[in-house]
Amino acid sequence: MIPPKPALPSAHTPSFAAFEARYAASIADPAAFWAAEAKALDWFRPADAVMRFDPLTADIVWFAGAKLNACYNCVDRHAASTPDRTALIWAANAPGEYEHITFAELLAHVSRFANLLRELGVKKGDRVCLYLPMIPDLAYAMLACARVGAVHSVVFAGFSAEALRDRILDAGAAVIVTANEGLRGDKTIALKAIVDKAVAGLDVVEHVLVARRTEADVPMHPGRDEWLGPALARQRPYCPVEWMDAEDPLFILYTSGSTGKPKGVLHTTGGYLLYVASTFRYVFDAQPSDVHFCTADIGWVTGHSYILYGPLANAVPSVIFESTPVYPDPSRLWRVVDDVGATILYTAPTALRALMRFGDGPVSRTSRASLRILGSVGEPINPEVWRWFHDICGNGRCSVVDTWWQTETGGILISALPGVTPLEPGAATRPLYGIRPLLMDADGNEVHGNGVSGNLCLAGTWPGQARTIFGDHARFALTYFSAYTGYYFTGDGARRDENGNYWITGRVDDVLNVSGHRIGTAEIESALIEHPAVVEAAVVGYPHDLKGTGIRAYVVTRPDMTCQTVELQAQVRAAIGPFAMPDQVVIVPGLPKTRSGKIMRRILRKIAEGEKHAFGDLATLADPGVVAEILELCEGL
Ligand code: 7RM
């Protein structure tokens, strides 16, 4: 156990005892706790009730009847009180290139963007798809949507044209915002060309706005496409806000589950904003002097909640990092920390593992004296990496917070509080205020006490909880509230140790966590079987030094057709994106199946993990001989 660093005199949580008392009060009366927290936001109209929750119908309502605007809370109120304070710091791809944007400037940019959306006919409730690199325009676009009541659907710019098309169609987005090209490290990404491919023949898409990130000219479709710069230049820098109901949607974010079709997770305005504002304040102990540096991409939920909404709601300057931790060399992240004076660094174990391979040198060459809190998110952090983060990156001076949460939870649910919670390298430690985790056994019964493991569920509701899957509430109820009656099921397994600390052990469903990217095995499988030579495919994860989880695909091809494994990798790249590409493709004569035809993934997973013998009972297999054949084909992988 590592004792907490001393808390600041101005800390939001002065001691562990204070945390425990407050936690107990938040659980005893969540409505009172959240009503008090809600005072940190500006509301145009107060709520008639704090919350309503029915797990049977997945009916979740927070602050019914209240009105507010998320953009107003993140921008306007700070532009009024501290106009010259830095809101965003853009760290461009090229080292040393920064742009500081004050709250007053942010308000003008966002207002112009909001007026442009209105000019294009975007109204409250309309969906706008954002397919952009990590440039300030992405933040302006999201806040502009929030300002006019449009629902943003940010699609990570690493998704392929096919994946983008599916998401545009599912959301019914008439307006797409993109850039001519994206720059990341030494790579140039032809974003506009991908959008052109994605929207070809789609009637729903009326406008494509194109930010000019590079000098490159791209074909512009007359009447549909427009350069963002000139379109914004003609807008007035003032735009009135739309007062939204607390339960009006703020955004949709697609995420992977155990089926082939990604889910449009929907978050609403009041509860989400309150939850990210509140958790940002406690988990990172937000202070007026902070500079927050989250290395995630805004295309994932971490970027939504802890690059944009959480920090800005707290008026904490937030870094938008366009590049990668290793460009142009593995000191880059720490150089950005020094250049901007970051006090909080929030990153993913996969980035740390990649940096660790270069040794301590690239870290030690930098100062990092500004840092006080180090955060980890996205996957379990192994103790070795945790210690490197703490000892080397943080010089042993900084608090480490391992934050567990999901796209569906909106914000952090389990984490230490810096300077407060005793630390265990590898443990996410304690539930935050108002959060009630529980562990379930295979029979669906809660396992009580400490020193136990089970499937991680949550009792009750919290403001940041997703409200539905866009267009499919039945799927929302089924996916999250049917496995364990009365509770939200996370899809993760966890252990509660002797001291009551939570350790997340990873997904227990068919979702892989590859370099912190969440990918469904079923999605990869459906991409593979689209190849004409593929009869069937089964995808599993295996331990990978760098990515955490590597992807192995077992593929059965038609006897009359040949096909190269690289073709199959290309197939997945085209259907989903490069990050979902299988690391290994094994063409096998057949898959291990039960007599009723069910693929025994357990065996395929064991083989991928390097197991050679202990496969358990194979008697139920239709053809037990196939296991030996697969083992032989996997030899040496
Ligand atoms: C924020 C985010 C969610 C899944 C989740 C877990 C895994 C996230 C941690 C973690 C262990 C952590 N949203 N996960 N954080 N596992 N320790 N601190 O990542 O929707 O993209 O993924 O990520 O499996 O269910 S996500």
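Use the structure listed above.
As the structure is a computational prediction, the values presented were derived from the model and not from experiment.

Draft legend 1. A look at the packing of helix H6 (residues 161-171) against helix H7 (residues 191-199). Running from amino to carboxyl end, H6 crosses H7 at an angle of 55°, the nearest separation of the two axes being 8 Å. For the element pair H6 / H7, the angle class is oblique. The element H6 and its partner H7 pack so that their crossing is right-handed. In contact with Ala 161, Leu 164, Arg 165 and Ile 168 of H6, H7 contributes Ile 194, Val 195, Lys 197, Ala 198 and Val 199. Classifying every residue of the contact of H6 with H7 by side-chain character gives 7 nonpolar, no polar and 2 charged.

Draft legend 2. Quick look at the environment of Gly 451. Counting through the fold element by element, Gly 451 comes out in the loop between strand S22 (446-447) and strand S23 (452-459). Look at Gly 451 and you get partly exposed, because its relative accessible area is 42%. Along the chain, Gly 451 and Arg 496 lie 45 residues apart, while their C-alpha atoms are 5.5 Å from each other.

Draft legend 3. A look at the nonpolar core. Core analysis: the largest hydrophobic core is formed by 192 residues, its most contacted members being Leu 106, Phe 113, Leu 143, Phe 284 and Tyr 309. With 10 residues, helix H5 (residues 136-148) is the single largest residue contributor to this core. Judged by nonpolar contacts, the second largest core, of 20 residues, contains Val 556, Ile 603, Ala 608 and Phe 615.

Draft legend 4. Up close: the site of the ligand. By nearness alone, 17 residues border the ligand, and Asp 402, Thr 403, Thr 407, Asp 492 and Arg 518 come closest of all. Here an oxygen atom of the ligand and a side-chain polar atom of Thr 407 are 2.6 Å apart. For the ligand, an oxygen atom lies 2.7 Å from a polar atom in the side chain of Arg 518. Calculation on the ligand without its partners gives an accessible area of 530 Å², and the protein chains cover 96% of this total. Grouping the amino acids of the shell around the ligand by side-chain chemistry returns 6 nonpolar, 6 polar and 5 charged.

Draft legend 5. The sheet that holds strand S7 (residues 151-154), seen in detail. One open sheet holds the 8 strands; their spatial order is S12-S11-S8-S6-S7-S14-S15-S24, and the pairing between them is mixed. Edge positions in the sheet fall to strand S12 (225-227) and strand S24 (468-469), since each has one partner strand and no second. Where strand S14 (residues 249-255) meets strand S15 (residues 263-268), 6 bridges bridge the pair, whose relative direction is antiparallel. For Phe 251, the partnering residue across the bridge sits in S15 and is His 267.

Draft legend 6. Representation of the packing of aromatic side chains. Scanning all chains against the criterion turns up 33 aromatic pairs. Note on Phe 19 and Tyr 433: the rings are 5.5 Å apart at their centroids and 45° apart in plane angle, and the pair reads as tilted. Of this pair, Phe 19 sits in helix H1 (residues 16-28) while Tyr 433 sits in the loop between strand S20 (399-403) and strand S21 (436-440), and the two are 414 residues apart along the sequence. With relative accessibility at 4%, the residue Phe 19 sits in the buried group. The class of Tyr 433 is buried, set by a relative accessible area of 5%. Between Phe 284 and Tyr 346 the ring centres are 4.8 Å apart and the planes differ by 65°, which places this aromatic pair in the edge-to-face class. Residue Phe 284 is found in the loop between helix H9 (269-283) and strand S16 (292-294), and its partner Tyr 346 is found in strand S18 (residues 344-347); the two are separated by 62 residues along the sequence. For Phe 284, a relative accessible area of 0% translates into the label buried. Taken together, the ring pairs in this structure connect Phe 16, Phe 19, Tyr 23, Phe 33, Trp 34, Trp 43, Trp 62, Phe 63, Tyr 275, Tyr 282 and Tyr 433 into an aromatic cluster. Sitting over the ring of Trp 227, Arg 212 keeps its end group 4.0 Å from the ring centre. Directly above the ring of Tyr 282 sits Arg 281, whose terminal nitrogen or CZ lies 5.3 Å from the centroid.

Draft legend 7. Representation of the pattern of salt bridges. Taken as a whole and judged by the stated rule, the model has 29 salt bridges. The shortest N-O distance in the salt bridge between Asp 285 and Arg 372 comes to 3.9 Å. Of the two residues, Asp 285 is situated in the loop between H9 and S16 and Arg 372 in the loop between helix H13 (361-364) and strand S19 (373-377); the sequence distance between them amounts to 87 residues. Residue Asp 285 is classed as buried on the basis of its relative accessible area of 5%. Where Asp 560 meets Arg 558, a salt bridge forms, and the shortest distance between an N and an O atom there is 2.7 Å. For Asp 560, a relative accessible area of 53% translates into the label exposed. A relative accessible area of 36% places Arg 558 in the partly exposed class. Shared partners join several salt bridges into a network, and the residues in it are Lys 192, Asp 196, Arg 224 and Asp 225.

Draft legend 8. Here's a closer look at the environment of Phe 251. Inspection of the secondary structure assignment puts Phe 251 in strand S14. The contact partners of Phe 251, leaving out residues within four places of it in the chain, are Val 151, His 152, Val 265, Leu 266, His 267, Tyr 272 and His 304.

Draft legend 9. Local environment of the sheet that holds S23. Across the sheet, 5 strands lie side by side as S22-S21-S23-S25-S26; this open sheet has antiparallel pairing. Each edge of the sheet is formed by a strand with only one pairing partner; in this case those strands are S22 and strand S26 (502-507).

Draft legend 10. Inspection of the pairing of S23 at higher detail. Burial of S23 is extensive: 6 of the 8 residues sit out of reach of the surface. Pairing between S21 and S23: 5 bridges, direction antiparallel. Residue pairing across strands places Leu 438 opposite Cys 457, the latter belonging to S23. In the sheet, S23 pairs with strand S25 (residues 488-496) via 6 bridges, with the strands oriented antiparallel. Within S25, the residue paired with Gly 454 across the bridge is Ala 494.

Draft legend 11. Structural context of helix H12 (residues 349-356). In terms of burial, H12 is largely enclosed, as 6 of its 8 residues are buried. Buried within H12 are the following residues: Pro 349, Thr 350, Ala 351, Leu 352, Arg 353 and Leu 355. The inward-facing, buried residues of H12 abut helix H11 (332-340), S18, S19, helix H14 (383-393) and strand S30 (548-557).

Parameters and conventions
- The residue numbering used here restarts from 1 in each chain and proceeds along that chain's sequence as written.
- For a predicted model such as this one, the threshold for reporting local features is a pLDDT of at least 70, and the threshold for listing and counting side-chain atom pairs is 80 or more; totals across whole chains, interfaces and linings nevertheless cover every residue.
- In computing side-chain values, all of the structure's heavy atoms are included and hydrogens and water are not.
- With axes taken as lines fitted to C-alpha atoms, and helix axes fitted only over the stretch in contact, angles between N-to-C directions fall between 0 and 180 degrees.
- Only DSSP runs of H or I with at least four residues qualify as helices, and only runs of E with at least two residues qualify as strands; both kinds are numbered from the N terminus onward.
- An angle counts as roughly parallel when it lies under 35 degrees, as roughly antiparallel when it exceeds 145, as roughly perpendicular when it falls between 65 and 115, and as oblique in every other case.
- If you view the pair so one helix is near and one far, a crossing is left-handed when the near helix is turned anticlockwise from the far one by less than a right angle, and right-handed when it is turned clockwise.
- Note on contacts: a residue pair is in contact if any heavy atoms of the two residues lie within 4.5 Å.
- Under the convention adopted here, Pro, Cys and the residues Ala, Val, Leu, Ile, Met, Phe, Trp and Tyr are nonpolar, Asp, Glu, Lys and Arg are charged, and Gly plus all remaining residues are polar.
- Categorising residues by exposure relies on relative accessible area from a 1.4 Å probe, with only protein chains included: less than 20% of the type maximum marks a residue as buried, more than 50% marks it as exposed, and the intermediate range marks it as partly exposed.
- Throughout, nonpolar core names a set of buried Ala, Val, Leu, Ile, Met, Phe, Trp, Tyr and Cys residues whose side chains join them through atoms within 4.5 Å.
- Whether a residue is near a molecule or strand depends on its heavy atoms: if one lies within 4 Å, it is near.
- Counting of polar contacts relies on pairs of N or O atoms within 3.5 Å, with two restrictions inside protein: one atom must be capable of donating a hydrogen and the other of accepting it, and residues adjacent in sequence are counted only when both atoms are side-chain atoms.
- With residues, only the protein chains shown are counted as cover, and all accessible areas are computed by Shrake-Rupley using a 1.4 Å probe.
- DSSP-based pairing: two strands are paired if at least 2 bridges between them are found.
- Two aromatic rings, drawn from Phe, Tyr or Trp (for Trp, its six-membered ring), form a pair once their centres lie within 6.5 Å of each other, and the interplanar angle then sorts them: stacked below 30 degrees, edge-to-face above 60, tilted otherwise.
- Look at NZ for Lys and CZ for Arg. If either is within 6 Å of the ring centre and within 35 degrees of the ring normal, a charge sits over the ring.
- A carboxyl oxygen of Asp or Glu within 4 Å of a side-chain nitrogen of Lys or Arg is what we treat as a salt bridge.

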